[in-house]
Amino acid sequence: MPQNNNDFKHNLKSDFKSNFDRDLGDLLDNAVQFGTGVGATVLGSLSDALAQAGDAISAARGVPPDSFAAWKRRLDFKLKNGGYSAGIALTVVGWTFTGIFGITALVMGILWGVGPAALGVSDAAFRVFPILFFCSYPAMLGFLYMAVAGMRKLFYFSRLRKLLRAARDWQCDLPGLARTALLKQEQVYKDVQKAVADGDFPGAAYSADFSTLYFDDTLYHPVEAPAPAESSAPAEPLSEPEQFRRECEAFFAYLQSCRGCLGRDTDAELDAMQKTCRALLDFTAAHPEQLPQLRRLRDYYLPTTRKLLDTALGLGDDTGSAADIRRDITAILHTLNLAYTKLYDTLLEDVSLDVSTEIDTLEAMLRQDGLTHDFESDFTTRSQPK
């Protein structure tokens, strides 16, 4: 019996030591992972802060900063640690307490509806349920409003940062900037108007027609338009076909500017792309009802193609990884050309079907009205025997 008792104590001690070592190891692993995450965050903040300090020191010494690039980096840092971080905080706090008070209001409402008899409590104790419900429900609505406001703030500053990162100079073509950042033009116009008015883009200005954004308002020199005659009609907005034509012409001009910069293979793909897109443009000019089928082409494929070419042009020397990236971009250009050709063929098939239906109807009407003696011999049409 003593032997067994000693064995039991020995086994218990061994198990305790093993569990203690394992728990200690897990604790150390978690501590290391947490420290690594915190360290990465701190290092990222230190990197941004050092970049800001370097710009400030250079300015104090009279050394001009890297012009637009340095200014853009500072503003992006300010937007990230200002409105963007505030939006994240409001969203997290809002949704967290919305869930807490929402669940509380739901539970209290259910218990209130059940009644004191079913719960087995007195009427005095039961009064706590409606009181907690009426306290939790307004609190839930308040935090829900906070969460929605935080998300709107978060998305707004996220769009501003996308626009800022897509900008390449103090003066930018605003519709082109929206396409490069893959954002809707109408939303970009509203965001820019708000950012300039609220000072989120300090010292910025935009033209009256929203065609140009100036990150330095000293570059903006508005031209006063002559007073219109009383009898002159107000300018009408551009039609959708005309807007599409202008977008395509701007895209063709951009493709032309890329020729000779990325190699012969890429030039060949650019020539093919311009030819196919020109055919699509001419087709929609004659068939504007087909424009809705080109919405994805306008809103995504053409802006993304331009963004890829911008990346290829900004890689510098054609060595190492830069050559691999350019080769991949040339390959996707070939794939896009095949897709654009297929899209053009699809549009032609739709028109061919419509034409075939019209011809069949015309033939039937001519036969019905007796306006031809022998339709096949009098007219050279599809119905003529081969």
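On a predicted model such as this, the values are computed, not experimentally measured, just so you know.

Peer 1: Break down the confidence of the model for the protein for me, with residues and values.
Peer 2: Per-residue confidence for the protein averages 75 on the pLDDT scale, and 74% of its residues sit at or above 70. Here helix α1 (residues 2-60) is the element of the protein with the lowest mean pLDDT, 48, and helix α5 (residues 128-166) is the one with the highest, 89. Across residues 61-65, where pLDDT falls below 50, the model places 3 contacts with residues more than four positions away in sequence or in other chains.

Peer 1: Explain a nonpolar patch on the surface to me, using residue names and the numbers behind them.
Peer 2: Taken together, the side chains of L106, I110, V114, L119 and V121 present a nonpolar region at the surface, about 400 Å² in accessible area. The greatest single-element share of the nonpolar patch, amounting to 3 residues, is contributed by helix α2 (residues 67-114). Secondary-structure assignment places L119 in helix α3 (residues 116-119).

Peer 1: Report on the environment of T284, specifying residues and quantitative values.
Peer 2: Within the secondary structure, T284 sits in helix α9 (residues 264-286). Judged by its relative accessible area of 3%, T284 falls in the buried class. C-alpha of T284 to C-alpha of L347: the two residues are 63 residues apart in sequence and 9.4 Å apart in space. For T284, the residues in contact, after removing those within four places along its chain, are F244, L291 and L294.

Peer 1: So what's going on with the sheet that holds strand β1 (residues 171-173)? Residues and values would help.
Peer 2: The strand order β1-β3-β2 describes an open sheet built from 3 strands, whose pairing is antiparallel. Looking along the sheet, the strands with just one partner apiece sit at the ends: β1 and β2 (205-206). Of the pairings in the sheet, the one linking β1 to strand β3 (residues 212-214) comprises 3 bridges and is antiparallel in character. Note that in β3 the partner of Q171 across the bridge is Y214.

Peer 1: Which residues make up unusual backbone geometry, and what values go with them?
Peer 2: Backbone geometry at L182 places phi at a positive 60°, although glycine is not the residue there. Note that L182 resides in the loop between α6 (174-180) and α7 (185-198).

Peer 1: Let's hear about the packing of helix α8 (residues 240-258) against helix α10 (residues 295-313): which residues, and what values?
Peer 2: Where α8 contacts α10, the axes come no closer than 11 Å and their chain directions differ by 20°. Between α8 and α10, the angle falls in the class roughly parallel. The chirality of how α8 crosses α10 is left-handed. Across from E240, Q243, F244, E247, A250, F251, Y254, L255 and C258 in α8, the residues of α10 making contact are R295, R298, L302, T305, R306, L309, D310 and L313.

Peer 1: Could you give an account of the pattern of salt bridges, naming the residues involved and the relevant values?
Peer 2: Counted according to the given criterion, the structure contains 7 salt bridges. The shortest N-O distance in the salt bridge between D191 and R159 comes to 2.5 Å. Highlighted residues: D191 in helix α7 and R159 in helix α5, separated in sequence by 32 residues. Judged by its relative accessible area of 21%, R159 is partly exposed. Notably, a salt bridge pairs E242 with R245, separated by 2.6 Å at the nearest N-O pair. With a gap of 3 residues between them, E242 and R245 both fall in helix α8, about one helical turn apart. A relative accessible area of 35% means that R245 is categorised as partly exposed.

Peer 1: Summarise α8; cite the residues concerned and give the values.
Peer 2: Between its first and last C-alpha, α8 extends 27 Å over 19 residues, near the 27 Å set by a 1.5 Å rise per residue. Immediately downstream of α8, the backbone of G260 shows phi near 85°, a positive value.

Peer 1: I'd like a description of the packing of aromatic side chains, backed by residues and values.
Peer 2: Enumeration over the complete set of coordinates arrives at 17 aromatic pairs. Ring geometry for W112 and F133: centres 5.8 Å apart, planes at 50°, overall tilted. Placement of the pair is W112 in helix α2 and F133 in helix α5, with a sequence separation of 21 residues. For W112, a relative accessible area of 36% translates into the label partly exposed. Residue placement shows K194 over the ring face of Y156; its charged tip is 5.4 Å from the ring centre. Directly above the aromatic system of Y254 lies the positively charged group of R306, at a separation of 4.4 Å from the ring centroid.

About the cut-offs
- Residues numbered from 1 in each chain as written.
- Predicted model: local features only at pLDDT ≥ 70, side-chain atom pairs only at ≥ 80, totals over all residues.
- Heavy atoms only, no water.
- pLDDT = per-residue confidence, 0-100.
- Helix = DSSP H or I, 4+ residues; strand = E, 2+ residues; numbered from the N terminus.
- Contact = heavy atoms within 4.5 Å.
- Patch = residues over 30% accessible without salt bridge, like charges linked within 9 Å, V, L, I, M, F, W, Y side chains within 5 Å.
- Areas by Shrake-Rupley, 256 points an atom, 1.4 Å probe, with all protein chains shown as cover.
- Salt bridge = Lys/Arg side-chain N within 4 Å of Asp/Glu carboxyl O.
- Buried < 20%, exposed > 50% of the residue type's maximum accessible area, 1.4 Å probe, protein only.
- Pairing = 2+ DSSP bridges.
- Axes fitted to C-alpha atoms, helices over the stretch in contact; angles between N-to-C directions.
- Parallel < 35°, antiparallel > 145°, perpendicular 65-115°, else oblique.
- Left-handed = near helix turned anticlockwise from the far one by under 90°.
- Expected span 1.5 Å × (residues − 1).
- Phe/Tyr/Trp six-rings, centres within 6.5 Å; stacked < 30°, edge-to-face > 60°.
- Lys NZ or Arg CZ within 6 Å of the ring centre and 35° of its normal.

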